[in-house]
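Chain residues, written in single-letter form:
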Amino acid sequence: MLLVVLFAWLRERRLHRKPRLLGEILDLADALERELLECRVRLREIPALAATLPPAEQLSARSTLAAEPQVQDALRDLLAHRLWLKEHAASASLDELHSARDALAATRAALA
């Protein structure tokens, strides 16, 4: 009897692993998107802020504007992740989903 209960519990746990992992991935994607959009807004505020700085510091402040294309690239990559999930989530292996989750987490860590 104990084996039957243990087997049923393990089976139930395995069945819920994929939806739970998909939820983690979507939560990470949402958080990354919010952070990227916030970063883009802050980058676009730099020219007005730089105008108030002494000329020597303006150049340094304006050089951070070069990061905006990187933010756009990250948003594009995030969209590609979301499209991949939409098309392949049902058939993706747990390893593929773990890789997707890890890639999003690494991108968030790099942005931080």
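Residues numbered from 1 in each chain as written. Predicted model: local features only at pLDDT ≥ 70, side-chain atom pairs only at ≥ 80, totals over all residues. Heavy atoms only, no water.

Assignment of secondary structure puts Val71 in helix α3 (residues 68–88). Setting aside residues no more than four positions away along its own chain, Val71 makes contact with Leu36, Cys39, Arg40 and Leu43. (Helix = DSSP H or I, 4+ residues; strand = E, 2+ residues; numbered from the N terminus. Contact = heavy atoms within 4.5 Å.)

A word on the pattern of salt bridges. This model, assessed by the stated rule, comprises eight salt bridges. Salt-bridge contacts for Asp73 lead to Arg76; the nearest nitrogen and oxygen are separated by 2.7 Å. Taken as a pair, Asp73 and Arg76 lie in helix α3 at a separation of three residues, close to a single helical turn. Judged by its relative accessible area of 39%, Asp73 falls in the partly exposed class. Look at the salt bridges and you will find they share partners, linking Glu24, Arg101 and Asp102 into a network. (Salt bridge = Lys/Arg side-chain N within 4 Å of Asp/Glu carboxyl O. Buried < 20%, exposed > 50% of the residue type's maximum accessible area, 1.4 Å probe, protein only.)

Attention now moves to the nonpolar core. With 19 residues, the main nonpolar core has Ile25, Leu36, Val71, Leu97 and Leu104 as its most contacted residues. Of all elements in the fold, only α1 (2–50), α3 and α4 (94–111) reach the threshold of two or more residues within this core. In terms of residue count, the dominant contributor to this core is α1 (nine residues). Apart from residues lying up to four places away in sequence, Ile25 is in contact with Leu85, Leu97, Ala100, Arg101 and Leu104. (Core = buried A, V, L, I, M, F, W, Y, C linked by side-chain atoms within 4.5 Å.)

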